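# Results of the structural survey
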Amino acid sequence: MSRVSTANAFEAGIAALQQRQRALVEAQEQLTSGKRISRISDDPANAARAERARSAELRSEADQRALEASRAAMVQVEAAYGDANDLLEQARELMVSAGNPLYGTAERQAVAERIRGLREQLLAIANRGDGAGGYLFGGQGIAQPPFIDAPGGVQYVASAGQQQAASDELLPLAVDGERTFLGARSGNGVFVTAATTSNGSAWIDAGRVTQPAQITGDPYSLQFTVGGAGTTFSVLRNGSPTALTNVTYVSGQAITIDGMSFTITGAPANGDRFDLAPSTPDHSVFDALDRAVASLGNTTATATQITQAVANGLRDLDASAATMSSRRADAGSWLNRLDDVESRVADQRLRAQGERSNAEDLDMVHAISEFQQQQTGYDAALRAYSMVQRLSLFDYLGS
């Protein structure tokens, strides 16, 4: 028969009360914090689950910050393209005005100065900063302006490519300025016309493609012969004769060969030569403006040379403007894509928050009920202990 002393009974009662009190305090802490896990030991599995969800949430927040930086950069890039296009449009209008036959040397030189000013503004746009210490057209990143105005023309000194934000998503922070300002396709985009030898009064236009499938990609030359029988021309392909040999020349009449069509206007001299070469992706908008300035500022240029310079200038400006418009459309596409990325990032963050909530958040209805039960049990245990405490042998003998 086991013996239970009064002291042991009291200690057991106090231990039970303390245990109920701890449970009540824990329930109260959970209600206060709204979390059912305050320490890893409370629920190791769900604590690890909540930590993984928290890490995913932090990654989503970092992606959101990178997204905002990318959007700010692309908005500025798109605006820079718009400003550059406006300058090119102004330059084009000036080139058209320079072709006015009533203009003299002074008027053309004034036009050349205005185009030179537009060139300087365009260079400033190409070197425009992003407001965060970088450059919008700095490629993969550079600490100095990406374009320098060297004696041989404007050069790109940054690394080609596109700088990306540190994110799981493709988020550009800077674009490749070389492709935009120095990488347009020359000529009309397929071939380039040029007056190689021109002693007469003839000039050639930019030409056009009539049959893309017939384009050979070879160089062509057109040579004039002026004699007693009139003016004729012959077209050579890679130096070899073609079907267009000793053809009677008619000013302003289109000449078509191998899917290419071009027009020569005026009176060519004997031996005059015009060339057609394949287009290349290395056309610099700054070189085009420099050539226009030089041609219009030439005080000894003939009327034919001015006409040819205006035609070439308009062709080159149109090529640069087309590339600029294409890059601007790319920037707009990036902005649309960033909206899609933002939606995905928001969804990922919401899922992470939901996963974390499921792992560690408290069910308030269940927690309140549990707290009330714990409180009721603790009160009952406290009353029971107080009643048992009065049943000691000493109290009994003294009664």
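Report on the accompanying structure. Everything numeric here is computed off the predicted structure, so don't read it as measured data.

Definitions and cut-offs
Residues numbered from 1 in each chain as written. Predicted model: local features only at pLDDT ≥ 70, side-chain atom pairs only at ≥ 80, totals over all residues. Heavy atoms only, no water. 1 Å grid on protein atoms, 1.4 Å probe; cavity = no way out; pocket = protein on both sides within 12 Å on 5 of 7 lines; lining within 4 Å. Points joined across faces, edges and corners; volume = space filled by probe spheres on them. Helix = DSSP H or I, 4+ residues; strand = E, 2+ residues; numbered from the N terminus. Pairing = 2+ DSSP bridges. Core = buried A, V, L, I, M, F, W, Y, C linked by side-chain atoms within 4.5 Å. Buried < 20%, exposed > 50% of the residue type's maximum accessible area, 1.4 Å probe, protein only. Axes fitted to C-alpha atoms, helices over the stretch in contact; angles between N-to-C directions. Parallel < 35°, antiparallel > 145°, perpendicular 65-115°, else oblique. Left-handed = near helix turned anticlockwise from the far one by under 90°. Contact = heavy atoms within 4.5 Å. Nonpolar A, V, L, I, M, F, W, Y, C, P; charged D, E, K, R; others polar. Expected span 1.5 Å × (residues − 1). Arc of directions from axis to C-beta. Polar contact = N/O pair within 3.5 Å; in protein donor to acceptor, adjacent residues only side chain to side chain.

As a further point, take empty space enclosed by the protein. Inspection of the entire model under this criterion finds one cavity of 30 Å³ or more. Approximately 40 Å³ is the volume found for the largest cavity. Lining the largest cavity we find Val190, Phe191, Ile215, Gly217, Asp218, Tyr220, Met260, Leu276, Ala277 and Pro278. With three residues, the top contributor of residues to the lining of the largest cavity is strand E14 (residues 273-278).

A few words now on the pairing of strand E8 (residues 220-227). By the bridge criterion, eight bridges tie E8 to strand E9 (residues 230-237) in an arrangement that is antiparallel. Its bridge partner being in E9, Val226 is matched across the sheet by Thr231. Count of turn residues in the E8/E9 antiparallel hairpin: two residues. Bridge count for E8 against E14 is four bridges, and the pairing is antiparallel. Bridge pairing links Tyr220 to Leu276 in E14.

What follows is about the nonpolar core. In this structure, Leu122, Phe137, Phe147, Phe181 and Phe286 are the most contacted members of the largest nonpolar core, which totals 50 residues. Mapped onto this core, the elements with two or more residues apiece are helix H2 (44-98), helix H3 (105-126), strand E2 (153-156), helix H5 (285-296) and helix H6 (303-360). Ranked by residue count, the leading element in this core is H2, at 14 residues. Grouped together as the second largest cluster of nonpolar side chains are 16 residues, Ala202, Ile204, Phe224 and Met260 included.

A few words now on the packing of H3 against H5. Geometry of a packed helix pair, given as the angle between the helix axes and the separation of the axes. Where H3 meets H5, the closest approach of the two axes is 8 Å, and the angle between their N-to-C directions is 165°. Here H3 lies roughly antiparallel to H5, going by the angle between them. The hand of the H3/H5 crossing is left-handed. Of the residues in H5, those in contact with Arg108, Gln109, Val111, Ala112, Ile115, Arg116, Arg119, Leu122, Leu123 and Ala126 of H3 are Val285, Phe286, Leu289, Asp290, Val293 and Leu296. A per-class count over the contact of H3 with H5 returns eleven nonpolar, one polar and four charged.

With that out of the way, let us pick up H5. Counting along an α-helix, one turn takes 3.6 residues, and residues three or four places apart therefore face a common direction. Here H5 is twelve residues long and its end C-alpha atoms lie 17 Å apart, about the 16 Å a rise of 1.5 Å per residue gives. Among all positions in H5, only Val285, Phe286, Ala288, Leu289, Ala292, Val293 and Leu296 are buried. Along the axis of H5, the buried positions cluster into a sector of 160°, meaning they face one direction only. Measuring from the side-chain oxygen of the N-cap residue of H5 to the backbone nitrogen of Phe286 gives 3.2 Å; that N-cap residue is Ser284.

For the rest of this paragraph, the subject is the pairing of E14. As judged from the six bridges shared by strand E5 (residues 191-197) and E14, these two strands associate in the antiparallel manner. Following the sheet pairing, Phe191 is matched in E14 by Pro278.

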